[in-house]
Amino acid sequence: MTFVAPRSDSSPTPVSQNIRERLEQRLHRTSTPDGSNQDEFQEPQPTRSPMVVLSNISKTYRNGSKALINVNLQVKRGDFLFVTGPSGSGKSTLLKLLYGQERPSSGEIMVNDHNLSQVKGNRLAKLRRRIGIVFQDYKLIPRRTVAENVEFVLWAQGFTRKEINRRLWPTLKMVGLQHKARCFPDELSGGEQQRVSIARAVVSTPPLLLADEPTGNLDSDNSIQVIRILKKLNSIGITVIVTTHNEQLVRISNHPVVQIHNGYLHQVRQ
Ligand SMILES: Nc1ncnc2c1ncn2[C@@H]1O[C@H](COP(=O)(O)OP(=O)(O)O)[C@@H](O)[C@H]1O
Ligand SMILES: [Mg+2]
């Protein structure tokens, strides 16, 4: 089985096309897509097969720092998971392993049915396109407008101008920022910048969204707003994994929670 179907000369199966369209329509509330370059998209199965499986994962950095120790974790398609734990406990390392920025020292990682230890180079890059990532410090391009920041992702993935326009506005609307489309990042509040970064992460409708301390720089109102948007994305079928050390955010929600402490992962709430 190939990792990703080639873009130009293949067409998705009727089933995957159908599922994909439903997710996109719910996200974008608009007409059907033209089907360009989304062939690798895989959506929640009726059986809720795992989106992420970590088996006996350990990560020791080159300097000897043991960031994760024998971690086992399964996240099903369509789940929303909080990963909590104090600073330095291994939360960011966990997410970096999931999107292939770091490699485990031992153990196996499956993401969206792909064994990450067997995926390298171009294939890894393609898998990463199917993962939306949100960071604490937003990582927006400073000299680009809100619209351009979001469009850039699609442009880099080879979407047509028509498709970029079709996706941009509903996504900005979803995060409540259509009216700020022509603003630059330094003209926005922290909460607004984080919402742009969420729009950028999901505009290509990835089945998996990873958010590393997305509320770390925000006040409580903006934090709740960000979590509300993440929940909304989860409600349309996107699997969401959020790290946070904000206990209050975790307390006011009823999603499953795991905690990492000194590299060890424990289930807190199922
Ligand atoms: N690139 C790196 N090189 C060496 N040690 C690292 C690196 N990244 C993280 N660490 C160490 O791994 C541990 C876990 O870090 P991290 O995953 O960033 O924790 P958290 O996100 O929970 O704050 C810490 O002790 C940290 O110092
Ligand atoms: Mg971190």
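J.: It is not clear to me how the overall build of the protein chain should be interpreted in this structure. Could you clarify?
T.: The helix and strand tally for the protein chain stands at eight helices and ten strands. Within the protein chain, the proportion of its 270 residues that are buried is 40%. Once local pairs closer than 6 in sequence are excluded, the contacts in the protein chain between residues at least 24 apart make up 71%.

J.: When you look at the sheet that holds strand S10 (residues 264-269) in this model, what are you seeing that I'm missing?
T.: Taking strand neighbours across the sheet as the criterion, the six strands line up as S6-S7-S8-S3-S9-S10 in an open arrangement whose pairing is mixed. Each having just a single partner strand, strand S6 (131-135) and S10 make up the two edges of the open sheet. Averaged over all pairs of adjacent strands, the angle between their axes in this sheet comes to 20°, without regard to strand direction. Summarising the sheet, strand S3 (residues 80-84) and strand S9 (residues 257-261) pair through three bridges and their orientation is parallel.

J.: Looking at this structure, I do not really get the site of ligand 1. What am I missing?
T.: Taken together, Tyr 61, Asn 63, Ser 65, Ala 67, Gly 85, Ser 87, Gly 88, Ser 89, Gly 90, Lys 91, Ser 92 and Thr 93 make up the full set of residues adjacent to ligand 1. Broken down by element, the shell around ligand 1 gets its largest block of residues, three residues, from helix H2 (residues 91-98). Tallied by class, the residues present in the shell around ligand 1 amount to two nonpolar, nine polar and one charged.

J.: Can you walk me through unusual backbone geometry in this structure?
T.: Apart from glycine, the bulk of residues carry a negative phi angle, and the bulk of peptide bonds sit in the trans form. Even without glycine at this site, Asp 113 takes up a positive phi of about 70°. Tracing the sequence through the fold places Asp 113 in the loop between strand S4 (106-111) and strand S5 (114-115).

J.: It is not clear to me how the confidence of the model for the protein chain should be interpreted in this structure. Could you clarify?
T.: Do not read the fine detail of predicted coordinates wherever pLDDT is low. The pLDDT averaged across the protein chain works out to 87; a share of 83% of its residues lies at or above 70. Every residue in residues 1-16 is under pLDDT 50, and counting partners more than four places away or in other chains gives 20 contacts.

J.: So what exactly am I meant to see when it comes to the environment of Ile 141 here?
T.: Secondary-structure assignment places Ile 141 in the loop between S6 and helix H4 (146-156). Here the alpha-carbon distance between Ile 141 and Phe 184, two residues 43 residues apart in the chain, equals 8.9 Å. What Ile 141 contacts, discounting residues up to four positions off in sequence, is Asn 149 and Phe 152.

J.: What is the right way to look at the packing of H4 against helix H6 (residues 190-202) in this model?
T.: Helix packing for two helices is described by the angle between their axes and how far apart those axes are. H6 packs onto H4 with a crossing angle of 25° between their chain directions and a minimal axis gap of 8 Å. Classified by the angle between their axes, H4 and H6 sit roughly parallel to one another. The two elements H4 and H6 meet at a crossing, and its hand is right-handed. Residues Val 146, Asn 149, Val 150 and Val 153 of H4 touch H6, and the partners they reach there are Val 196, Ala 199 and Arg 200.

J.: Would you take a moment to explain the nonpolar core for this structure?
T.: Ala 199, Leu 209 and Leu 210 are the most contacted members of the largest nonpolar core, which totals 61 residues. In this structure Leu 209 touches Gly 132, Ala 201, Val 202, Leu 233, Ile 238 and Val 240, once residues within four positions along its chain are discounted.

J.: Looking at this structure, how should I read helix H5 (residues 161-174)?
T.: An α-helical segment advances 3.6 residues per turn. Residues three or four places apart therefore align on the same side. Taking 1.5 Å of rise per residue, the 14 residues of H5 would be expected to cover 20 Å, and the 20 Å separating its terminal C-alpha atoms lies within 8% of that figure. Listing the buried residues of H5 in full gives Arg 166, Arg 167, Leu 168, Thr 171, Leu 172 and Met 174. Trailing H5 by a residue or two, Gly 176 shows a phi angle of about 70°, which is positive.

Quick notes on the rules
Residues numbered from 1 in each chain as written. Chains lettered and ligands numbered in written order. Predicted model: local features only at pLDDT ≥ 70, side-chain atom pairs only at ≥ 80, totals over all residues. Helix = DSSP H or I, 4+ residues; strand = E, 2+ residues; numbered from the N terminus. Buried ≥ 20, exposed ≤ 12 C-beta atoms within 10 Å, placed from the backbone. Contact = placed C-beta atoms within 7 Å. Pairing = 2+ DSSP bridges. Axes fitted to C-alpha atoms, helices over the stretch in contact; angles between N-to-C directions. Near = placed C-beta within 6 Å. Nonpolar A, V, L, I, M, F, W, Y, C, P; charged D, E, K, R; others polar. pLDDT = per-residue confidence, 0-100. Parallel < 35°, antiparallel > 145°, perpendicular 65-115°, else oblique. Left-handed = near helix turned anticlockwise from the far one by under 90°. Core = buried A, V, L, I, M, F, W, Y, C linked by C-beta atoms within 7 Å. Expected span 1.5 Å × (residues − 1).

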